[in-house]
There are 2 protein chains.
Amino acid sequence: MTKPIKFTLNAQDGAARQGTLQTRRGPIETPVFMPVGTAGTVKGVRFEELEGSDLDAQLILGNTYHLWLRPGIEVIKSCGGLHKFIGWERAMLTDSGGFQVWSLGALRKLTEEGAEFRSHIDGSLQFLSPEVSMEIQAVLGSDLVMAFDECAPGEASHGETSASAELTARWARRSRARFQQLQIEGADLGRRDECADLSGQQALFGIVQGSSHLDLRRESLARIVEIGFDGYAIGGLSVGEEKPVMWSVIDEVAPLMPVDCPRYLMGVGTPEDLVEAAARGIDMFDCVLPTRNGRNGQAFTSRGKVNVKNARWASDSRPLDENCRCQVCRRHSRAYLRHLYVSGEMLASILLTHHNLAFFLDTMRGVRQSIRSGDFTNFRRKFTESLNASEQ
Amino acid sequence: MTKPIKFTLNAQDGAARQGTLQTRRGPIETPVFMPVGTAGTVKGVRFEELEGSDLDAQLILGNTYHLWLRPGIEVIKSCGGLHKFIGWERAMLTDSGGFQVWSLGALRKLTEEGAEFRSHIDGSLQFLSPEVSMEIQAVLGSDLVMAFDECAPGEASHGETSASAELTARWARRSRARFQQLQIEGADLGRRDECADLSGQQALFGIVQGSSHLDLRRESLARIVEIGFDGYAIGGLSVGEEKPVMWSVIDEVAPLMPVDCPRYLMGVGTPEDLVEAAARGIDMFDCVLPTRNGRNGQAFTSRGKVNVKNARWASDSRPLDENCRCQVCRRHSRAYLRHLYVSGEMLASILLTHHNLAFFLDTMRGVRQSIRSGDFTNFRRKFTESLNASEQ
C-alpha cells in the first residue's frame, strides 16, 4: 500500500541528517523550518513573500485550535479547505490543538474523553478530543496532521508525567483510528490523486511526551511507535524548562526514533537551537520567535540579536545584518527600521518579520548544504562563534 | 536657464489633460495619484510592492511636519536625505507642514512670522515658518517641494479668508526666496546632475487658497502665479466642505491655471473625485483614503465600496473586485479577508491597502489611456455607472 509521505535520507554528517520529505504537495528538503501561521496567516507576511526567493518556505504551520474557533470549520469547509481558504498551494502542517488547550491552564478540564475549555474569543464552552481534532484537521485538509496529545508541565512529578504520557498514548491510538476512518470516508478536503508513490492522503504524526523524565520519554516513544505513524514528533519541550533539560531529552529520544521517518521537534527554537537540534538528527521545526520577536522589534542576525529600538541605531545606516542578502537588508538601514518601530509604523513589524524569517530559513539552507557537503561540523562551529560575537 | 521639472501635454480630451512630468528622478505620466507616505512609509506597504507591477507608483508623498518631529532633520541629514533614509529611488513630493499645523487647531498660534505649536508627539514647543519649511524640505531632498501656506477653515467669512489668502501669498513669496537661496547654497540633499534639460534642483509648487470664495480663489491664483512657481496646487479643499463647493472652486480655478505647469489638487479624494477632477484638467492627486480606509476594513472596488467586516462575506469565495487583477484579488477571497480583519490580523490591513492602492493607481492608468485615445468621456461615464451599481 502506498503511503501519504515518503522520507529519503540524502546525506548524514554525524547524527545530522539531510533528507527529502515527499508530500502530496511536492518535495521538502530537510532539516526544514516551518513559519507559524496560527490563524491562517504568517503574521505580517504576504504569501507572495513566503513563496519568493528570500523566504521560499516549503511548509507552514496552521493551528487547529485557533481556526476551529475562528472562522470556524463550517466556513473553511464551504471554502474548500484551508489551502483554498487562505490561498496557499504549498504544504501545510496543522497541530492538533492539544498544546493550545494545555496552555489555557486552569481554564480547561481534562477527562479521559478529551478536554473541555472556554474559548479565549467568546468564552463559549468547547470540547476537544482526539476524534474532534482529527475531524477538524480533515476539513482543514492539511498535508501533515498531528495526533491529539496531552502535554505535562515541565515540573511535573514522575507519577503525574507517567499518567499524562499514558493518556497521550491512548489518545494517540484514538487519533489514529479516527484518522483512518476519515481518510476512508473521504473527509480530507486536501485529498489529491495518488502520484509519485504517494497515496494522496493526509499523513499523521505521533507525539512523544514524558516531560524531563528520560525513562518516560523512552516509554512514550515505544508506545507511539508501536501504534505506528507516518512521522514522529517530540512535544512538551521549549515550555519553560532549562536548556540542558531540553538537550538531554533530545539526546535520549532522537537516536531511538525511526530512521526512515521525519522527526519533528515542536515549538523549537532560536537559530542556535535549530542548528544544535539538527546536529542531533532532528528534521523539522516550528517556532513563533522570528515572527513574534520581529513584531516586538527584535531582529535575529548572524551576529546575534539586534534590538531595533536601541537609541544607538538612530543614525546608523548599516543594514540589520551585513551578511544577509534579504530584501530588508539590501534596502533598509537600522536607522530607518528604528524610526519605523519608534513611530509605531506597521512596516516595522513587516520588515523585521521578513528579515527574521529569511534568517531562519537561510540558516536551514546552510545546515542542509553543509550536511550534504560533509562540512556540517565546521558550519555549526562558525555559526555559533558568529552568533556569540561581541560586536553587532 | 534650465528648469527643475518640465511638463509636456501629450493629449487633451475636453478639459482633461494627459501629460508627462519630467523630474530629476524620471518621467511621470499624468494624471497621477500619489500614495501618502506620511512618516517615510506608505503605511503597510513595502517599497518592493510600490515598485511592483500591481502598483508601480511613480511618485509618493512625505510629510515635512511628521518627519521634522520624528525622526528629526538631523537623523535624515546624516542618512543623506529622505530618499536614502527610507530606501526609495523614485520621485517624492513633500508637503510644507502648513496643513498639519492648521489641523492642530487651537494648539497652534499664527503670527506674520509663522506658526507656533506644540508637538503632537512630546508636547514640545515648535515653530514653523516659510523659511524653516524650505530648510527642512531641502534636507529631505524631495523632488517636488510645497510652499508654506495657511489654510482658512471651510466656513471662514470673506474677510477672514481674504486675510488668510493674503498671508499665504506673503508666505509664498518668502518660501520662494528662501527656496532659491537654499538651491544656490546646495542645501538640497536630493540634488542631481543636470540632465535631459532639467537643472537637477528641487521644484517648488505654489498653493492657491481662498476657501469657497471664488473671487478670493481667483485673486489668490493671480498672486501665486505672479510670484512664479514650477507647479501650482489647489489647497484648502476636501476639508469638510460640501462636494458642490469643491467642484465650484475647481471649475473656477483650474481653467485659469497655467497650461504648461502641473496642477495638483491637494488631499483629494475618492476614485470618483479623481476621475471628475481629471475631467476638469487636474494632473496630480494625493489622498489617505486608500491606505487609511484599507486599514479600517474598507475596500474600494469598481462596483463601489466593500466593507470586509460585513457578515455576508463570511463564506464568500469571490475576490473583492472581480474586475481587478491585483495580487490580492487574484489570490484571496472576501471570506479570507473578512476572517483576517475580524481576527485583528495585520495581513488584513496589508492586503486591503494593497488592493485599494492598486485600484486607485489602476483608475489613473485608465484615465490616462482614455484621454490619449480620445475616449475619456466614455471611460468616465462607464466608471461612474459601475461605481454606483447596486450589486457588489
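Just so we're clear, the structure is a prediction, and the values are computed from it rather than from any experiment.

Participant: Give a description of the overall build of chain A that names residues and reports values.
Facilitator: A count of helices and strands for chain A gives 15 helices and 16 strands. Its C-alpha atoms give chain A a radius of gyration of 21 Å, near enough to 21 Å, the size a compact globule of 392 residues would have. With the principal axes as the frame, chain A shows a C-alpha extent of 60 × 45 × 45 Å. Each of the 392 residues in chain A was classed as buried or not, and the buried ones make up 62%.

Participant: Could you give me a rundown of the sheet that holds strand E6 (residues 91-95) of chain A, with the residues and numbers involved?
Facilitator: All names here are of chain A. Taking strand neighbours across the sheet as the criterion, the eight strands line up as E4-E14-E13-E12-E11-E10-E6-E5 in an open arrangement whose pairing is parallel. Of all strands in the sheet, those bounded by a partner on one side alone are strand E4 (32-34) and strand E5 (59-63). Across the sheet, the axes of successive neighbouring strands diverge by a mean angle of 25°, strand direction being ignored. With three bridges connecting them, strand E10 (residues 144-146) and strand E11 (residues 203-208) associate as parallel partners.

Participant: Break down empty space enclosed by the protein for me, citing the residues and quoting the values.
Facilitator: Overall, the coordinates contain six cavities of 30 Å³ or more when judged by the stated rule. When its volume is computed, the largest cavity comes out at roughly 100 Å³. Considering the residues around the largest cavity, the lining is formed by Gly44(A), Val45(A), Arg46(A), Glu49(A), Ile350(A), His354(A), Gly44(B), Val45(B), Arg46(B), Glu49(B), Ile350(B) and His354(B). Each residue belonging to the lining of the largest cavity can be placed in one class, and the counts come to four nonpolar, four polar and four charged.

Participant: So what about the pattern of salt bridges? Which residues, and what values?
Facilitator: Under the defined criterion, the tally for this structure stands at 50 salt bridges over all chains. The partner of Asp273(A) in a salt bridge is Lys243(A), and the shortest N-O contact between them spans 3.0 Å. Here Asp273(A), found in helix H10 (residues 271-279), pairs with Lys243(A), found in helix H9 (residues 243-253); they are 30 residues apart in sequence, far enough to count as distant. Take Lys243(A): its relative accessible area is 39%, and that puts it in the partly exposed class. Among the salt bridges present, the one from Asp362(A) reaches Arg365(A), with a minimum N-O distance of 3.2 Å. Of this pair, Asp362(A) and Arg365(A) both sit in helix H14 (residues 346-372), three residues apart, which is roughly one turn of the helix. Exposure remark for Asp362(A): the relative accessible area of 45% places this residue in the partly exposed category. In the salt-bridge network here, residues are joined through shared partners; they are Arg46(A), Glu48(A), Glu51(A), Glu49(B) and Arg331(B).

Participant: Which residues make up the relation of the copies chain A and chain B, and what values go with them?
Facilitator: When chain A is fitted to chain B, the best match, at an RMSD of 0.0 Å, comes from turning it 180° and sliding it 0.0 Å along the axis. Given the turn and translation reported, the copies of this chain are related as if by a two-fold rotation axis. Closest approach to the rotation axis among the C-alpha atoms of chain A is made by Met346(A), whose C-alpha sits 4.0 Å away. Interface overlap between copies is the fraction of interface residues in one copy that are interface residues in the other; for chain A against chain B it reaches 100%, indicating a shared surface.

Participant: Go over the nonpolar core with me, naming the residues and quoting the values.
Facilitator: Core analysis: the largest hydrophobic core is formed by 199 residues, its most contacted members being Leu50(A) and Leu50(B). For Leu50(A), the residues in contact, after removing those within four places along its chain, are Pro35(A), Val42(A), Val45(A), Leu55(A), Asp56(A), Ala57(A), Ile60(A), Trp88(A), Arg90(A) and Leu357(A).

Participant: So what about unusual backbone geometry? Which residues, and what values?
Facilitator: Most of the time, phi is negative for any residue but glycine, and the peptide bond is trans. Residue and element names in this part refer to chain A. The linkage connecting Thr30 with the following residue, Pro31, adopts the cis geometry, with an omega of 0°. Along the polypeptide, Pro31 turns up in the loop between strand E3 (26-30) and E4. Cis geometry is found at the peptide bond from Arg70 to Pro71, where omega equals 10°. Summarising the element assignment, Pro71 is placed in the loop between helix H2 (64-69) and helix H3 (73-78).

Participant: Tell me what's going on with the side chain of Ser220(B), and back it up with residues and numbers.
Facilitator: Along the chain, Ser220(B) turns up in helix H8 (residues 214-227). Ignoring any residue separated from it by four or fewer positions in sequence, one finds Ser220(B) in contact with Ile207(B), Val208(B) and Gln209(B).

Participant: Explain the sheet that holds strand E5 (residues 59-63) of chain B to me, using residue names and the numbers behind them.
Facilitator: All names here are of chain B. With parallel pairing, the eight strands of this open sheet are ordered in space as E4-E14-E13-E12-E11-E10-E6-E5. Each edge of the open sheet is held by one strand with a lone partner, namely strand E4 (32-34) and E5. Pairs of neighbouring strands in the sheet enclose a mean axial angle of 25°, with direction left out of account. By the bridge criterion, two bridges tie strand E6 (residues 91-95) to strand E10 (residues 144-146) in an arrangement that is parallel. In the strand pairing of E10, Thr94 is matched with Val145.

Participant: Got a sec to walk through the packing of helix H7 (residues 158-185) of chain B against H8(B)? Specific residues and values, please.
Facilitator: All names here are of chain B. Between H7 and H8, the least distance of the axes is 10 Å, while the angle of their chain directions is 10°. By the angle between their axes, H7 is roughly parallel relative to H8. Side by side, H7 and H8 meet where His158, Thr161, Ser162, Glu166, Ala169, Ala172, Arg173 and Arg176 of the first sit next to Asp215, Leu216, Glu219, Arg223, Ile224, Glu226 and Ile227 of the second. Taken together, the residues of the contact of H7 with H8 sort by class into five nonpolar, three polar and seven charged.

Participant: Which residues make up the confidence of the model for chain A, and what values go with them?
Facilitator: Residue-level pLDDT values for chain A average 96, and 100% of them are 70 or greater. Confidence metrics for the complex model read pTM 0.98 and ipTM 0.98.

Participant: Describe in detail the interface of chain A and chain B, supporting the description with residues and values.
Facilitator: How large an interface is tends to be reported as the accessible area lost when its parts come together. Counting residues at the interface gives 41 residues for chain A, matched by 41 residues for chain B. Together, the buried faces of chain A and chain B total about 3,600 Å²; carbon and sulfur atoms form 55% of this surface. On the chain A side of the interface with chain B, the three residues burying the most area are Arg46(A), Arg331(A) and Met346(A), jointly 22% of the side's total. Across the pair Glu345(B) and Lys43(A) runs a salt bridge whose closest N-O atoms are separated by 2.5 Å. Across the contact surface, chain A and chain B share 24 residue pairs in polar contact (both at pLDDT 80 or more). Mapped by element, the contributors of at least two residues to the side of chain A that touches chain B are helix H1 (47-51), H3, helix H4 (82-86), helix H12 (327-331), helix H13 (334-342) and H14 of chain A. Counting residues per element, the side of chain A that touches chain B draws most heavily on H14(A), which supplies six residues. Along the lines of polarity and charge, the residues of the side of chain A that touches chain B split into 19 nonpolar, 13 polar and nine charged.

Conventions and cut-offs
- Residues numbered from 1 in each chain as written.
- Chains lettered and ligands numbered in written order.
- Predicted model: local features only at pLDDT ≥ 70, side-chain atom pairs only at ≥ 80, totals over all residues.
- Heavy atoms only, no water.
- Helix = DSSP H or I, 4+ residues; strand = E, 2+ residues; numbered from the N terminus.
- Rg over C-alpha atoms; globule rule 2.2 N^0.38 Å.
- Buried < 20%, exposed > 50% of the residue type's maximum accessible area, 1.4 Å probe, protein only.
- Pairing = 2+ DSSP bridges.
- Axes fitted to C-alpha atoms, helices over the stretch in contact; angles between N-to-C directions.
- 1 Å grid on protein atoms, 1.4 Å probe; cavity = no way out; pocket = protein on both sides within 12 Å on 5 of 7 lines; lining within 4 Å.
- Points joined across faces, edges and corners; volume = space filled by probe spheres on them.
- Nonpolar A, V, L, I, M, F, W, Y, C, P; charged D, E, K, R; others polar.
- Salt bridge = Lys/Arg side-chain N within 4 Å of Asp/Glu carboxyl O.
- Least-squares fit on C-alpha atoms with pLDDT ≥ 70 in both.
- Contact = heavy atoms within 4.5 Å.
- Core = buried A, V, L, I, M, F, W, Y, C linked by side-chain atoms within 4.5 Å.
- Parallel < 35°, antiparallel > 145°, perpendicular 65-115°, else oblique.
- pLDDT = per-residue confidence, 0-100.
- Buried area = accessible area lost by both parts, 1.4 Å probe.
- Polar contact = N/O pair within 3.5 Å; in protein donor to acceptor, adjacent residues only side chain to side chain.

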